[in-house]
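# Remarks on the overall topology
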Amino acid sequence: MSSDLAQLPTTSPPATRSTAALFSLALGAFAVGTTEVVIAGILPEVALDTGVPLPTAGLLVSGYALGMVVGAPLLTVLSARFARKRMLLGLVGLFTAAGLISALAPGFATLMTGRVLSALAGGAYVGIASVVAAGLVPPERKARAIAIVFMGLSLANVLGVPGGTALGQAFGWRATFWAVTAIGAVLFVALSAFVPYEEPRPGAGFRRELAAFRRGRVWLALAATAFGWAPFLTVLTFIAPLLTDVTGFDPGSVPLVLALVGVGMVIGTPLAGRLADRALAPTLHGALAGVSVISLLLLAVVHSKPAAIVGFLLFGLVGAAVIPPLQTRVLAFADGADDLASAANISAFNIGNAGGPLLAGAALSAGAGYTAPLAIAAVLGAAGLLLAWLAGRVGTPA
């Protein structure tokens, strides 16, 4: 077992209760992941109903991302003196209220307010939930516990986003936010019932949490997260024209390929969690190398429909496989500042979400073909691997 993992504090509630707590925490990640992405599927309806141009409505996506990147760590620091269960319940209360604001929004400005509040609560929630999950199990199962939480995000892409989009298209976009609000209410009850109470950490506060960021390997680990996760949306943002113009699929086949990517994510997340508990650094390095290798493989075979189908299934698998070891590594490096470091890592994921597609979009605007995002993804994955390796060489190696 990695010596880094041994640094994390642990409690061991009864197995049945801890399992219920883990799945409750995962339900919250499912709600956050669904809320973040589902807006893209109902954006035309939102733009029409609120009376704004489609590009303006698109700010609902970037506003959410900004709230996750900037606000989540800040909100985590401000609540650092509270018990984690109370923090989670407060965040879920804010998330649920934000869903209600969005569902009742009379106009675009109010809807944007609801989205930003959802992002503030959601980003902090996922970061703290992964810390709580790691504390519910013995040290040798921490990465698997974190993987269960992040499985909620994977399932959001497979079930929540398509379901929320279909609901919004059938009954109006507000129905989607009413559903999110209902999930938030159920989540609040589940967390209240199953997540054990833990007294606030002695000495917890802004200075202690911030102290972790004096360590170079924490910054390297965060950079590895941003670069290592960036390939995923770099490719998926432009997957539709890639599949139709390069591979030769008809537009109706694109959702099916995306569903296969989601299936790969559902396989890759728990698999990586199990492997990371056995050997954290090799699992992390292997997953990041896999992202680059599969991206290059797709670059070579994307003109073949059967090969592209297999390639994108594997891309979903390796893409999701980087998540549990990246989050576990940051927690291991935090050394007593778990909450802020975890929230900062969620921000790093979102920086990757924004930066990768931005690079790919610039390449396409410069005249590159639709295969360019695959090449960029391979380079970003390699950069993430290098940064992860460097993080392990600074201080005590993983």
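Everything in this summary refers to the structure shown in the same document.

Rules behind the numbers
Residues numbered from 1 in each chain as written. Predicted model: local features only at pLDDT ≥ 70, side-chain atom pairs only at ≥ 80, totals over all residues. Heavy atoms only, no water. Helix = DSSP H or I, 4+ residues; strand = E, 2+ residues; numbered from the N terminus. Rg over C-alpha atoms; globule rule 2.2 N^0.38 Å. Buried < 20%, exposed > 50% of the residue type's maximum accessible area, 1.4 Å probe, protein only. Contact = heavy atoms within 4.5 Å. Areas by Shrake-Rupley, 256 points an atom, 1.4 Å probe, with all protein chains shown as cover. Expected span 1.5 Å × (residues − 1). Bend = angle between axes of the 7 residues up to and from the residue. Salt bridge = Lys/Arg side-chain N within 4 Å of Asp/Glu carboxyl O. 1 Å grid on protein atoms, 1.4 Å probe; cavity = no way out; pocket = protein on both sides within 12 Å on 5 of 7 lines; lining within 4 Å. Points joined across faces, edges and corners; volume = space filled by probe spheres on them. Nonpolar A, V, L, I, M, F, W, Y, C, P; charged D, E, K, R; others polar. Patch = residues over 30% accessible without salt bridge, like charges linked within 9 Å, V, L, I, M, F, W, Y side chains within 5 Å. Axes fitted to C-alpha atoms, helices over the stretch in contact; angles between N-to-C directions. Left-handed = near helix turned anticlockwise from the far one by under 90°. Phe/Tyr/Trp six-rings, centres within 6.5 Å; stacked < 30°, edge-to-face > 60°. Lys NZ or Arg CZ within 6 Å of the ring centre and 35° of its normal. Core = buried A, V, L, I, M, F, W, Y, C linked by side-chain atoms within 4.5 Å. Polar contact = N/O pair within 3.5 Å; in protein donor to acceptor, adjacent residues only side chain to side chain.

### Thoughts on the overall build of the protein
When helices and strands are tallied, the protein shows 17 helices and zero strands. For 398 residues, the compact-globule estimate of 2.2 N^0.38 gives 21 Å, and the C-alpha radius of gyration of the protein, at 20 Å, lies within 12% of that figure. The principal-axis extents of the C-alpha atoms in the protein amount to approximately 55 × 50 × 35 Å. When the 398 residues of the protein are sorted by exposure, 55% land in the buried category. For the protein, restricting intrachain contacts to residue pairs at least 6 apart in sequence, the fraction spanning at least 24 positions comes to 84%. Of the roughly 15,200 Å² of accessible surface on the protein, a fraction of 73% belongs to carbon and sulfur atoms.

### A look at helix H7 (residues 142–171)
For H7, spanning 30 residues, the distance from its first C-alpha to its last is 41 Å, which sits close to the expected 44 Å at 1.5 Å a residue. The largest bend in H7 is about 55°, located at Ala156. Remark: Gly172 follows H7 within two positions and exhibits a positive phi of approximately 100°.

### As for the pattern of salt bridges
Scanning all chains against the criterion turns up two salt bridges. In this structure, Asp49 engages Arg174 in a salt bridge whose closest nitrogen and oxygen atoms are separated by 3.6 Å. Placement of Asp49 in helix H2 (residues 43–50) and of Arg174 in helix H8 (residues 173–194) is noted, with a sequence separation of 125 residues between them. Note on Asp49: relative accessible area 46%, which makes it partly exposed. You can call Arg174 partly exposed: its relative accessible area is 27%. Put simply, Arg144 and Asp277 hold a salt bridge, and the shortest N to O gap is 2.8 Å.

### Topic: the layout of surface pockets
Reported here for the largest pocket is a volume of approximately 1,500 Å³. In terms of lining, the largest pocket is formed by 43 residues, of which the most central are Val37, Asn157, Val161, Leu233 and Leu236. Counting residues per element, the ones that place at least two in the lining of the largest pocket are helix H1 (15–38), helix H4 (59–78), H7, helix H10 (216–236), helix H11 (239–247), helix H12 (254–278) and helix H16 (338–365). Ranked by residues supplied to the lining of the largest pocket, first place goes to H7 with eight residues. Residue classes in the lining of the largest pocket are distributed as 32 nonpolar, ten polar and one charged.

### Quick look at a nonpolar patch on the surface
On the surface, Leu100, Leu104 and Trp178 cluster together into a nonpolar patch covering about 300 Å² of accessible area. Turning to its location among the elements, Trp178 is positioned in helix H8.

### Overview of the packing of helix H6 (residues 108–135) against H8
Relative to each other, H6 and H8 sit at 30°, their axes nearing to 14 Å. In this structure, H6 crosses over H8, and the sense of that crossing is left-handed. Between H6 and H8, the contacting residues are Leu111, Arg115 and Tyr125 on the first element and Trp173, Phe177, Leu187 and Leu191 on the second. By residue class, the composition of the contact of H6 with H8 is six nonpolar, no polar and one charged.

### Considerations on the packing of aromatic side chains
For the coordinates displayed, the defined rule picks out five aromatic pairs. Here the aromatic rings of Trp229 and Phe349 are separated by 6.0 Å at their centres, their planes lie at 85°, and the arrangement is edge-to-face. Here Phe349 lies in helix H16 and Trp229 lies in helix H10, a separation of 120 residues in the sequence. Taken as a pair, Trp229 and Phe349 share a single burial class, namely buried. The ring of Phe249 has Lys305 sitting right over it, with the charged end atom 5.6 Å from the ring centre.

### Here we look at the nonpolar core
Membership of the largest hydrophobic core comes to 73 residues, with the highest contact counts inside it found for Leu25, Leu88, Tyr125, Leu191, Phe312 and Val322. In terms of residue count, H6 provides more of this core than any other element does, eleven residues in total. Once residues lying within four places of it in the same chain are set aside, the contact partners of Val322 are Gly228, Trp229, Leu284, Ala287, Leu288 and Val291.

### Considering the side chain of Thr283
Note that Thr283 resides in helix H13 (residues 280–301). Judged by relative accessible area, Thr283 falls into the buried class, the value being 13%. Among the polar contacts made by the side chain of Thr283, one reaches the main-chain carbonyl oxygen of Ala279 at a distance of 2.7 Å. Once you skip the residues sitting within four places of it in the chain, Thr283 turns out to touch Ala272, Leu275, Ala276 and Pro325.

### Side note on the side chain of Gln327
Examined against the element boundaries, Gln327 turns out to sit in helix H15 (residues 323–334). Residue classification places Gln327 among the buried positions, given a relative accessible area of 0%. Each residue touching Gln327, except ones within four places of it in the same chain, is listed here: Gly127, Ser130, Ile146, Phe150, Ser342, Asn345, Ile346 and Phe349.

### Regarding the environment of Leu120
By secondary structure assignment, the location of Leu120 is in helix H6. Measuring from C-alpha to C-alpha, the distance between Leu120 and Leu94 comes to 8.7 Å, with 26 residues separating the pair along the chain. In contact with Leu120, other than residues within four places in its own chain, are Gly67, Gly71, Ala72 and Leu75.

### Thoughts on H16
If you check H16, its first and last C-alpha atoms are 40 Å apart, about what 28 residues at 1.5 Å a residue would give, namely 40 Å. With 21 of 28 residues buried, H16 lies mostly within the body of the structure. Remark: Gly367 follows H16 within two positions and exhibits a positive phi of approximately 110°.

### A look at the environment of Asp277
By the element assignment, Asp277 lies in helix H12. Linking Asp277 and Ile148, residues 129 residues apart in sequence, is a C-alpha distance of 13 Å. Reaching out from Asp277, the side chain makes a polar contact with the backbone nitrogen of Lys142 at a distance of 3.2 Å.

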